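Topology and contacts: notes
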Amino acid sequence: MKIKFPGFFKKRLITFILISVGIFCLGCVLNFSGAFDYIEHKAYDARMNFTSRYTVPDDNICFVGVDQYSIDSLLQERGYGWPWPRSVYSEIVDFFHEAGAKCVAFDVFFTEPSVYKGSDDTVFAQSCAQFGKVVQVMFDSKSISGQVFPIKPLRNSAAMIANITSLKDSDDIIRRARLSFSTKEGEYPSLGIAPVLLDLPPESVQAELGKIKKEVPSLKDGSVLLRYKGNINRYPHYSAYDILRDWNLYKNGQESELVPADFEDAVIFFILYAPGLYDICSTPVSQVYPGAGVHMTLLDNYLNGEFLHKIPLWSQLLVCLVLSFASSFTVYGIGCTKFRGRNPLMIFLVTALVLLTIVFSTVSFAAGIYVPLTCALFCIVSSFVACLFFSYTSEGKQRRFIKSAFSQYLSPAVVDRLINDPSKLELGGEKRHITIFFSDIQSFTSISEPLEPEKLTDLLNRYLTLMTDIILESGGTIDKYEGDAIIAFWNAPVDINCHARVAVEAAMKCQKAIEEKTEEFSKIAGRPLLTRIGLNTGDAIVGNMGSRQRFDYTMLGDSVNLASRLEGFNKQFGTYLMCSETTVREASREGCPLYFRELARAVVVGKKEPVVVFEPVERAVFLKRKIFFESFDRALHLFYDADFVQAQKIFSELSVQDEASARYAAKCSEFINSAPGTDWHGEWKAAQK
């Protein structure tokens, strides 16, 4: 490649320098205005997730959890329901007192006297006082009820009171922590720092806390960036029941699996770990992370000097400026040549620059240095695009550049949508007539419980991929996944003709695809997967909803709620696909070839008026079993007319081959024995969702 520098290229050089400086300034403005916060948070989380697997948790930090196993075992052996007597916690404290543990930090509120009354609180307080190394917690809520402390006996017997107030970012994710919190009554250390201060005289605590704050790499607001070690279960953990069981064995001189000596000098966090009991928070490594894990991470980071260091502001700006120039001069340097493959080469080099920046940022992150990434990538990409745009404009190739460059990086459909209507990126919604889809796997909890996490993940991924492919191929929009549940809709944001018909046929195709995969899913799940689907057509508000920093394209409205209820209403009849009368009417008008069996005048939870619901049936199946369907329809109308004796007779005959008929036969017997009121008009009312 031969590079030339005529006057034209010198002018271009000056222009490219100005572009680099302009992009750098724009990047600074956007960065300081908070425009990059959301993306930067996600980039930060991705690096934390990636690097956390290579960290090693401190094995002197462990937790004892009140899990479901402990609750069930104590109920069975001692008859203790939840909440437990405080005397149980005293046994926990006594165990670790005997062990010579460094401390026991309770991430549990004891703000009310024990419901067991008597000396229950006193026993617990005495154990805490005797040990002398128990940390209790308080919470400072300015928006709720002010400061919340433990009851007086426990507060007085605690070696220290620590604050567990969390520090969330704008997207409600906890990436930082404070070492202490100031309140009207004084300054309280965070629960993660309290164990470090326990051995100090009370009068020295504040001085030591101030010293620690000067030692750690804190941000401007005094908080520190936490380095998470992955799943909280990477720390040594024990069930509360196992501790209680082995403590009793140890006291009686019997052999036990756990002995106090195993916990000498260990820092013990006592937490609630049963579903529905522990506080769930969002962190970079998990959206459902136990709050106690934040405090354990804070302690771990301090003891091992692993807080993240954020590079100074001047360093951030210098990195962005250098990368902006590097990106611009890549375009300029190659643009000065006559090399035919310069366009792919420019793209390759700038892509390499982006990748190198990401790799450098990730490696630095692993080494404990946080280099903000979003502004740097913005400068690279924006300088590259701006310089290319200028380059092709000056050479009369603007249109060709835009078409070739964007087609390599973005989906044409997405590009067209954003170009034609940028407002789609803004918060807000519009009223649309849509068909809504809700699905849920039957008995998924019992399916998932015996499965290893890897197998469960593999099963869900296969299932969701299968269903999603069918929905997307039909033009549907996936609203969200909720575990095994899928929520989708048709006719937004893109208009779809005959959306009710398309949705019904897609739902039928989903059921057929699941049936074809029965053998594959059964090998993993140990049983066939059966999925309930509910469909409804109606008006709903569809659009981007959420906060300014984080929003989703989703839907709201009564029609959406009804579709959700119909999915669950399948349980009433043992069916797996149910749609409303509105969906049936519109799908039929649109030429849907399916037969729709009327199932009931359903009164779903939250509704007073009945909704006629139907089960779609393949036309071939209907023709083959026409007599059956006609008999069912006749019996159904007898049921509507309150002729329960005749209806039961027909339903009983049909029940051998149809679960819905069996349910109706049972309902007829119920009404024969206890007739419905005079205001009954054939409704089938659901008692639960």
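Summary of the structure given here. Worth saying up front: this structure is predicted, and the values here are computed from it rather than measured.

**Points about the overall build of the protein**
- Counting its regular elements, the protein contains 25 helices and 24 strands.
- The buried share of the protein, reckoned over its 689 residues, is 49%.
- For the protein, the proportion of contacts with a sequence separation of at least 24, taken over those separated by at least 6, is 74%.
- Total accessible area on the protein is roughly 33800 Å²; 55% of this is exposed by carbon and sulfur atoms.

**Some points on the pattern of salt bridges**
- Inspection of the entire model under this criterion finds 31 salt bridges.
- Salt-bridge contacts for Glu187 lead to Lys213; the nearest nitrogen and oxygen are separated by 2.6 Å. Taken together, the positions of Glu187 in strand 8 (residues 186-189) and Lys213 in helix 8 (residues 205-215) put the pair 26 residues apart, joining distant regions of the chain.
- A salt bridge links Glu567 to Arg532, with the nearest nitrogen and oxygen atoms 3.3 Å apart. One end of the pair, Glu567, is in helix 20 (residues 558-569); the other, Arg532, is in strand 19 (residues 531-546), with 35 residues separating them in the sequence.
- The exposure class of Arg532 is buried, given its relative accessible area of 7%.

**Focus on helix 3 (residues 68-78)**
- Of the residues making up helix 3, those classed as buried are Ser70, Ile71, Ser73 and Leu74.
- Once helix 3 ends, the next one or two residues include Gly79, with phi positive near 80°.

**Side note on helix 20**
- For helix 20, spanning 12 residues, the distance from its first C-alpha to its last is 16 Å, which sits close to the expected 16 Å at 1.5 Å a residue.
- Among the residues of helix 20, Ser559, Val560, Leu562, Ala563, Leu566, Glu567, Gly568 and Phe569 are the ones counted as buried.

**Observations concerning the nonpolar core**
- In terms of nonpolar packing, the biggest core is built from 45 residues, with Leu191, Tyr228, Phe269 and Leu298 touching the most fellow members.
- No other element matches the 6 residues that helix 10 (residues 291-303) contributes to this core.
- Apart from residues no more than four positions distant in its own chain, Leu191 is found in contact with Ala105, Asp107, Val135, Val137, Ala162, Asn163, Ile164, Phe269 and His295.
- Grouped together as the second largest cluster of nonpolar side chains are 42 residues, Tyr463, Ile478, Val584 and Cys592 included.

**A look at unusual backbone geometry**
- Omega for the bond connecting Trp82 with Pro83 falls within 30 degrees of zero, at 5°, which places this linkage in the cis form.
- Of note, Pro83 is situated in the loop between helix 3 and helix 4 (86-99).
- Of note, Asp172 is a non-glycine position whose phi angle comes to about 65°, a positive value.
- Relative to the helices and strands, Asp172 is located in the loop between strand 5 (160-163) and strand 6 (176-177).
- You can call Asp172 partly exposed: its relative accessible area is 48%.
- Here Asp265, not a glycine, exhibits a phi torsion of approximately 65°, which is positive.
- Turning to its location among the elements, Asp265 is positioned in the loop between helix 9 (240-251) and strand 11 (267-272).

**Some details on a nonpolar patch on the surface**
- Together, Ile17, Val21 and Phe329 make up a nonpolar patch on the protein surface, roughly 200 Å² of accessible area in all.
- Positionally, Phe329 belongs in helix 11 (residues 313-335).
- According to the relative accessible area criterion, Phe329 is partly exposed, its value standing at 32%.

**A few points about the side chain of Arg47**
- With respect to the helices, strands and loops of the structure, Arg47 is situated in helix 2 (residues 37-52).
- A residue is classified by how much of its surface remains accessible, and Arg47, at 4% relative accessible area, is buried.
- In this structure the side chain of Arg47 is engaged in a polar contact, spanning 2.4 Å, whose partner is the side chain of Ser361.
- One polar contact links the side chain of Arg47 to the main-chain carbonyl oxygen of Val371, over a distance of 2.9 Å.
- The residues contacting Arg47, other than those within four sequence positions of it, are Glu40, Ser361, Thr362, Phe365, Tyr370, Val371 and Leu373.

**Some points on the packing of aromatic side chains**
- According to the stated counting rule, one finds 47 aromatic pairs in the structure shown.
- Relative to Phe110, the ring of Phe106 lies with its centre 5.8 Å away and its plane at 70°, an arrangement referred to as edge-to-face. In this pair, the class of Phe106 matches that of Phe110, namely buried.
- An aromatic cluster is present here, built from Phe569, Phe573, Phe632, Phe639, Phe644, Phe651, Tyr664, Phe671, Trp680 and Trp684 joined pairwise through their rings.
- Above the plane of the ring of Tyr640 lies Arg601, whose end atom (NZ or CZ) is 3.7 Å from the centre.
- The side chain of Arg625 reaches across the aromatic face of Phe628, ending 4.3 Å from its centre.

Conventions and cut-offs
Residues numbered from 1 in each chain as written. Predicted model: local features only at pLDDT ≥ 70, side-chain atom pairs only at ≥ 80, totals over all residues. Heavy atoms only, no water. Helix = DSSP H or I, 4+ residues; strand = E, 2+ residues; numbered from the N terminus. Buried < 20%, exposed > 50% of the residue type's maximum accessible area, 1.4 Å probe, protein only. Contact = heavy atoms within 4.5 Å. Areas by Shrake-Rupley, 256 points an atom, 1.4 Å probe, with all protein chains shown as cover. Salt bridge = Lys/Arg side-chain N within 4 Å of Asp/Glu carboxyl O. Expected span 1.5 Å × (residues − 1). Core = buried A, V, L, I, M, F, W, Y, C linked by side-chain atoms within 4.5 Å. Patch = residues over 30% accessible without salt bridge, like charges linked within 9 Å, V, L, I, M, F, W, Y side chains within 5 Å. Polar contact = N/O pair within 3.5 Å; in protein donor to acceptor, adjacent residues only side chain to side chain. Phe/Tyr/Trp six-rings, centres within 6.5 Å; stacked < 30°, edge-to-face > 60°. Lys NZ or Arg CZ within 6 Å of the ring centre and 35° of its normal.

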